[in-house]
Structure formats: C-alpha cells, structure tokens
Amino acid sequence: RPCATTELARLLARLPHRVHVVHPLDAVLGLAGTMKLKVTAQTSQHKEVVTAVGWSFSNDLVTCSDDKTIWRWSMSHEPIGQLIAIDAYVTSLDWFPALPGKSDRKEQEIFVVSCTDGTFKLVHKAGRIEKSVEAHTGAVISLRWSHDGTSLATCGEDGVVKTWNRNGMLRATIVSLDQPIYAIAWSPDGEQILFAAGKDMIIKPYQPSTKQTQWKGHDAAVTSVDWNVVSNLIVSGGEDCKYKIWDSFGRQLYASAPFDFAVTSVAWCPSGAYLAVGSFNLLRLCDRTGWSISRETPDSGSIYDISWTSDGTQLAAAGGNGSVCFGQLVERELAWSHFEVRLTESAKLAVYDVLTDGVDEIDFRDRVIEFSMGFGYLVVATAAQCLVYSVNNWNTPHIFDLKESVSMIKLAPRHFATVDKLTGVQVYSFEGRLLSHLKFVGLRPEFVSDRTLAISNDAAAFVDRSAPKTVHLLDCTSGKPVCADFVHSLDVEEVLLSQLGHAYERKLCVIDRNRDLYLSTVSDHPDPVKLATMVDSARWNDENDMLLAIADGKLLVWLYPQSAFTDRDLLQRTRSESDASELGKLPRCTAFLGTRASVRRSDGAVMTISVSPYPAKLSAFCAAGEWEAALRLCRYVKDQQLWACLAAMAVAGQDYNAAEVAYAAIEEVDKLKYMLYIKELPSKESRTAAVLNFQRKPDEAIQVLVQSGLIYRAIKLNVRLHQWEAALEMAVKYGTHIDSVLHYRGEFLKIAKRAETLPLFLQYAGKVEVDEAAIKQKIEADKEAERRRPGAVPYQ
C-alpha cells in the first residue's frame, strides 16, 4: 500500500527491498496456489524451426535455428542480436560447463554446436568459430560436455559415440552400432556415458573393460535423455508419448501417462529438484519424483530442446514454429510454523501469517534465486545479495553481498549454510557474518544436495561423492574436522544431523544404498545402530530430539533416539509405529516441527501427520531437571512408551531415583536392581563409571576409575567383564590386589570346572599367596577410603 508520508517513502526507497503490509482479504485466496511455470514466447527472430537453446553460466542465452542463424538473448528475454550465421543446420548446442572456483576461465566463453554436415564447431560467445571438426559420417545429432569440462561426447546418424578433448582432438570411439543414436548424456562422475539407440537405453562405462548396462526404455524410439549431477537420476522421453525417470542402475522410478504427442525434449533443473518436459505445444514442469507441477500450452509447435539457467529459476525452450519460449518459476512456496512464504513474482515474496491473517509483501532489487525458512528466520538469496529476516521484523534484514548465485540454503538453529559453484559451502550467522568455509579434499559444490549435506549448531556432515561410504564431519565455526570421518559399510545416500542438545549429544543418521537407516554419535568412536530397513525418508524434529522415518509402509517415530546409547534395550520400546499405507510409494517427509510432520506423496499431495505431544513435554521437563514433574506426567498419561523414555532420560541425566521408578513401571527388574546398586556407591566417580558400563562403554568406565584413583574398582570391573588378563595386568602395574585377581580367577575356574591355561596367571600363581581373609580386609579398607574421599557424598 502507498506510504503515509513522503519522509517514510523516501526512507523506504533507499532500501534494496520494500515491505508492503497487505490486508489479508487481498490475498486470502492465494493461499491455495501452487508453483507453476510462467511461459512467454518470442517468435520474431528466427524464421525456421528452433533446434537448440543453451544458457551460459553468466546467463547468456544462445539459440540456433534451421534458418542457419544463431541469436543471443538477455536474461530479460529480449534479443540482443544475431551472433553468427553458419553454413550448416544445427542439431544440438552445449556451453562449456562452469567449474568450481573458476568463473573467469576463457573456456566458459565457448559453446559447441553439432551440425547435419557431420561436424561440430567450437564457437566463441563473441560470434567467431574457433574450430570446426569433422566428427561423424552423416549428421551429428547430439553432443554434451562432461561435467568437469575435460571431455566432449558426440553421437550421430552413423551409430557411433565418440569422445573428444576440449580442443576438439579425438580421444576414443566408445561404441559403434548399426542404427542412429539420438540422445546422449554424461554420468555425474564423468566415468559413464548414457545414450539412446532405438527403444533401448545404454550406460557405457568409459573404461572399456567394464560391463555396460542396457535396458528397454520406451515402447518407441527414445528421443531425449538427461542425467542430473545432484540427484544422480535419469529422465528420458520417447515417441511412445511418455517420459520416465530411472536411477543410475536403470531401474524405473516413474512412468508418466501418455501425452497426445511424442515427448521431444527433457531437461533436469540444475538442483535436481524439478525437470521440464517438452512436446507439441506443451511444456510441463515436474517434480523430481515425476508428478506434474505445472502444465503450460504455448503456441510453439514441438519443443525440440530445453535449457535451464545455472540458478534454476528460468528455462528456455526451442519451438518448432520458430519461437523461443521462456519459462519463469513462480508461486514457489514453503511453510514453517504458522508462516507460509510464496514467490509471487521473480523479485517479490509474500509472507502469510495464518494466526493473524496478515500478509507482508517483500520486494527485492534482483530476482530471487533461493529462499529457506526455519528456526525463526527467513533467508533469501537473490542474484546479488543474501537477506536474513527475523520472523518478528520484516523491515530491517541483515544483508550481505554474494559472489555467485546460491544453489541451496541449509538452516540450523544458530546459523545457516549456502552452497554455490564458485565459493563452495559457506556458513553464516543470522546477523550475516561469515563464520567458516567448509571444504575437504575432493569436494565438488555442484554435487552437494539437500540429501548429501546436513548442518547443526556445531557440525556439518557431507557425503563424499568420490568415496560414497565416507561422511565428513566438519566444525561449523572453524571449518576443521570435528572428529574422524564416519565410514559406512555401504554407499551413503542421505545424511541427517540432530538439531538440539550439546555437541557431545549430536547424533548422525545415514540412509545407505540398501535404504537401511543407521544412527550413530558424532565422535571418533562411532557405534552405529541399525534402526530400520526399506526406508523411504527420515527427518529429525526441529524443536526436540525425536526422529521420524517412513519405512516399508509404516510411520516410525523414535521418541528418544538417545536411548540407543543410553540403554539400547529401550530403543524399540521408545518407538511408536503406525500404518502409513495411505502415503503411497516413495513418500518424502518435508518438515517435522513440534508435534506435526508434513509428508509429500509421490503424486504431489502433502499430508500432515500428528505425533503425541507428551514425549516433547517430558523431554523439556528432563532437560530442565524437573524430575518430579516428569514423573507426574508419566503417572498421568500411563503409557509404557513414555515410561521407557523417562527411564532412558533419567539414566542420561544421572537421576537414579527417577530411573528407579521408571524401570519399575516397565517391569525391568534387573535394571531396577542395577539402579539401586548405583545409588549405593559412595562416590560420584564410581557412580559415573557404573553408568558408563551400563551404557556399554566399559573402556570409558575403567578410564574414569583409574583417573580417579579407584584402582580396585577398575580391577573389579575388568573381573566382572571376564577381562582376566587386563585385570591382572592392571593389578601388577599399580602393585595392588594381585592376590584379589588370582582369588577371583580361582573361584571362576572352580565353578567352571576348568584348569588354568593363561600364561600370565600361571606365572603369578606360585609367586603370590592368596589369603581370602586378607583380601576381604584389603577390599573393605579400599571401600572405606573411598567413602572418606573429599567430595564423596552418598546419593540422595
């Protein structure tokens, strides 16, 4: 709305954005909107079929047509001018790829076009042909640069696939068939080439000794393929009027219903979140799982080629009637708590507050590339700036400049990370201050996705694409390793980090290639625990320590996952399970906040699922040390899962009275007796060691006892664990209780009816006299000395 005073208008005009407070009735109907592709068509430049389009990394668009001209276009969809006229018909176009940290390379000013005369030409963006190469017999149908820019792959009517270096010199002939090859794509790692021959799709490893993968892709000829760098998924379109999505092993993940006409082009968005599909007078925007987001019908004829901008906000399509279609992603939206944020125009966001029915509109100087909301903040990345808003104040954001377009934003409670190809992964505070630059050997920012990067207050987890079994764990404030790398037995496909608690309580979840879910601590000595199999999706709660997973048609919620490292026997007893068959196949949890979770089904529908509010309340009581309130809550609810949660929380919080009551409630008699034993120990150190032993950390327990000078208790713990040689070695080292160890060993052998075989015990058996009465007297003296230690207070 117009400003009330001229002075206020003058102040607002100085800001790089504007905030409008709109009456809720003005936009209440807009809440039902969904993301769509806003398409415009330009038809006045080319006189014949447009066969190829391509956006450069600097967002210059080049189009090729059968009128033998190449035109250059601006980001605002306006023609800049004819770049060059060539003496052949162009069939395909590809720009030299942008490389991380090398945005000023001269190669990135080069694009390559394939021609029907059997050549491909390296063309400078200034309009001069750098080189023309005789490549195939017959037309060169398609070509693609590898993602690292080291190789160029071409295919043609002669049924041959060849690779070339960046200077146009032949490297290898990959395959030679007796039928034309119409489409080609590189794998993300550049080690494999995908091509389509007739109805079949073939993945050919670059190394000749490796076996290829071949399968029937469509019921008619395959016309177009694309292989996404981030998601590692393949999309194909064919003359059977369908588009299909495959994994990198050729397994079908989705198949569309037939269109009215053949699918002539497909292209992934750079982030891998969306894909575009072209047909006759049809341009469809789809989710990565295949369901259709938006269906547009431009007057374009068949769409022969699609190209996305490097930031993924726009696309260009080549029309069969000579038009160039431009598509702008609008109505993108996200929700957090009681807020919903929607991109209404390329440079305008609308923030809806469903509690107050208020709407704030925020205008930006540049187009919005990416935005994310959580933990009380909205972070917006435009083409030139990053703006950080608090949900309590939409007028004065923290602003800092960006060197490159951001491809992803990840939020944590105290800071956030941005990812771009030039600078990599950087962590900023919510005040806009740069905290660290996260990197490790072999990191390629273009491979980083929402599934391969997780961030928390103190740690960031990366899946190493060059070694997929390895997860790197880096400190968010220093960028240095926070602990040793986590190495899994299988390739890791997704990582998640818990958000709440101290750094020593941080937990890591991984989903591996077999779709198994594992839970581990972030430490130098991880002890991963397998939680579930056949997992479609998992997510940590943003407000508490609960973990949700959708696995094998069931909704699983671990109410207190820390129990895996506190009392592993309680892990299953602290898990709720319910039927999730209504979620369909391949559901994805998009949010888990408080007691609500949002799940997107494979058909695009979003479902909200509620979980019990009591575990979160119990966790809050235990974190605040209000154990009596926690006990009252459990007595009121009378739920065995809640009692099990309290037992694990009480052991972790070292409140043994609450643990005693909780174990009694769930009828764990042996553990109840152990809690009583712990309460009888005279010193805090011995109680701590007893709890560590209870948590299956005997080495740490022994270390605590030795450091505290409680040598007898350390020796006795080794005896109880039947670590006989370790017990005797410790007794010899500290010169005490050698006879005690020999006595306990003798009693054990007598009960087991076995003879001594350990050389160390045979060595000391004849040297040390074993007097049972003297041993008991010495043990009692040690216990009395422990009771008289400074600070040794009985447990109350």
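This structure is a prediction, so every number in the text was calculated from the model and none was measured.

Overview of the overall build of the protein
Looking only at helices and strands, the protein features 15 helices and 56 strands. Looking at the 796 residues of the protein, the share that counts as buried comes to 55%. If you take every contact in the protein between residues at least 6 apart in sequence, the share linking residues at least 24 apart comes to 44%. The averaged location of the 97 negative side-chain charges in the protein is 3 Å from the averaged location of its 87 positive side-chain charges.

Description of unusual backbone geometry
Unusually for a residue other than glycine, Met-534 sits at a positive phi of about 55°. Tracing the sequence through the fold places Met-534 in the loop between β49 (529-532) and β50 (535-540). Of note in this structure, Asp-552 is not a glycine but carries a positive phi near 55°. Within the secondary structure, Asp-552 sits in the loop between β51 (547-551) and β52 (554-558).

Points about helix α11 (residues 711-720)
Counting buried positions along α11 gives 9 out of 10 residues, so the element sits mostly inside the fold. If you follow the buried residues of α11, they end up packed against α8 (669-680), α9 (684-694), α10 (698-707), α12 (724-734), α13 (738-752) and α15 (772-787). Remark: His-722 follows α11 within two positions and exhibits a positive phi of approximately 60°.

So, the pairing of strand β20 (residues 234-238)
Among the 5 residues that make up β20, 5 are buried, leaving the element largely enclosed by the rest of the structure. The alternating pattern of β20 places Ile-234, Ser-236 and Gly-238 on one face and Val-235 and Gly-237 on the opposite face, and all of these are buried. Sheet topology note: the strand β19 (residues 222-227)/β20 ladder contains 5 bridges and is antiparallel. Paired with Ser-224 across the two strands is Gly-237, which belongs to β20.

A look at the environment of His-415
The topology assignment puts His-415 in strand β39 (residues 415-420). With residues up to four places along the chain from it excluded, the contact list for His-415 reads Val-427, Tyr-428, Ser-429, Phe-430, Leu-435, Ile-455, Ser-456, Asn-457 and Cys-476. For His-415, the side chain forms a polar contact with the main-chain oxygen of Ser-456, separated by 2.9 Å.

Looking at the sheet that holds strand β6 (residues 79-85)
Taken together, 4 strands build an open sheet; the order of strands is β3-β4-β5-β6 and the sheet is antiparallel. Since the sheet does not close on itself, it has two edges, and those belong to β3 (50-55) and β6, each with one partner. Neighbour-to-neighbour, the strand axes of this sheet turn through a mean angle of 20°, independent of strand direction. Strand direction decides the pairing type here: strand β4 (residues 61-65) and strand β5 (residues 69-73), joined by 4 bridges, are antiparallel. What sits directly across from Thr-63, in β5, is Trp-71.

Observations regarding the side chain of Gln-695
Tracing the backbone shows Gln-695 in the loop between α9 and α10. Overall, Gln-695 belongs to the buried group, its relative accessible area being 15%. The contact partners of Gln-695, leaving out residues within four places of it in the chain, are Phe-565, Thr-566 and Val-651.

What about the confidence of the model for the protein?
Per-chain confidence: the protein averages 89 in pLDDT, with 95% of residues scoring 70 or above. Within the model, pLDDT remains below 50 along residues 1-33, and this stretch shows 51 contacts once partners closer than five positions in the same chain are excluded.

Description of the pairing of strand β23 (residues 265-268)
Because side chains alternate across β23, one face comprises the buried residues Ser-265 and Ala-267, and the other comprises Val-266 and Trp-268, equally buried. As paired elements, β23 and strand β24 (residues 274-279) share 4 bridges and run antiparallel to each other. Across the sheet, residue Trp-268 finds its bridge partner in β24, namely Leu-275. Here β23 folds back onto β24, and the loop between the two strands holds 5 residues, one of which, Gly-272, carries a positive phi near 80°.

A closer look at the state of the cysteines
All chains considered together, the criterion is met by 0 disulfides. The thiol of Cys-483 is unpaired, and the distance to the nearest cysteine sulfur, on Cys-476, comes to 12 Å. Judged by relative accessible area, which is 10%, Cys-483 ranks as buried. Residue Cys-634 stays outside any disulfide, its sulfur separated by 7.5 Å from that of Cys-622, the closest cysteine.

Some remarks on the sheet that holds strand β46 (residues 492-497)
Spatially, 4 strands are ordered β46-β47-β48-β49 in an open sheet, and the strand pairing comes out antiparallel. With partners counted over all chains shown, the strands left at the sheet margins are β46 and β49, one partner each. On average, adjacent strands in this sheet sit at an angle of 30° to one another, irrespective of strand direction. Sheet topology places β46 next to strand β47 (residues 507-512); 5 bridges connect them, and they run antiparallel. Directly across from Val-492, in β47, lies its bridge partner Asp-512.

Quick look at the nonpolar core
Residues Leu-548, Leu-618, Leu-646, Tyr-663 and Met-675 are the most contacted members of the largest nonpolar core, which totals 49 residues. Tallying contributions element by element places helix α6 (residues 640-652) first for this core, with 10 residues. Apart from the residues within four sequence positions on either side, Met-675 is in contact with Val-651, Tyr-656, Ala-659, Glu-660, Tyr-663 and Phe-694. Among the nonpolar cores identified, the runner-up in size contains 23 residues, and Ile-702, Leu-705, Ile-715 and Ala-731 belong to it.

The rules behind these values
- By convention here, each chain's residues receive numbers from 1 onward along its written sequence.
- For this predicted model, a pLDDT threshold of at least 70 governs which residues receive local features, and a threshold of 80 or more governs which side-chain atom pairs are given and counted, while totals over whole chains, interfaces and linings are taken from all residues.
- Side-chain measures were taken over the full set of non-hydrogen atoms in the model, leaving aside hydrogen atoms and water.
- Labels follow the DSSP assignment, with helices taken as runs of H or I lasting at least four residues and strands as runs of E lasting at least two, numbered in each case from the N terminus.
- The buried label applies to any residue whose accessible area, calculated with a 1.4 Å probe on protein chains only, is under 20% of its type's maximum; exposed applies above 50%, and partly exposed to all values in between.
- Between two residues, a contact is recorded if the distance between any of their heavy atoms is within 4.5 Å.
- All tallies of charge rest on Lys and Arg as positive and Asp and Glu as negative; His and the ends of each chain are not included.
- Here the site of a charge means atom NZ of a Lys, CZ of an Arg, CG of an Asp or CD of a Glu.
- For two strands to be treated as a pair, DSSP must find at least two bridges joining them.
- Pairs of N or O atoms are called polar contacts if they sit within 3.5 Å, as long as, within protein, a hydrogen donor faces a hydrogen acceptor (for residues adjacent in sequence, only side-chain-to-side-chain pairs).
- Axes here refer to lines fitted to C-alpha atoms; in helices the fit is confined to the stretch in contact. Angles between the N-to-C directions go from 0 to 180 degrees.
- Confidence of the predictor at the level of single residues is given by pLDDT, which spans 0 to 100.
- Note that a disulfide, as used here, is simply two cysteine sulfur atoms within 2.5 Å.
- For our purposes a nonpolar core is just a set of buried Ala, Val, Leu, Ile, Met, Phe, Trp, Tyr and Cys residues, chained together by side-chain atoms within 4.5 Å.

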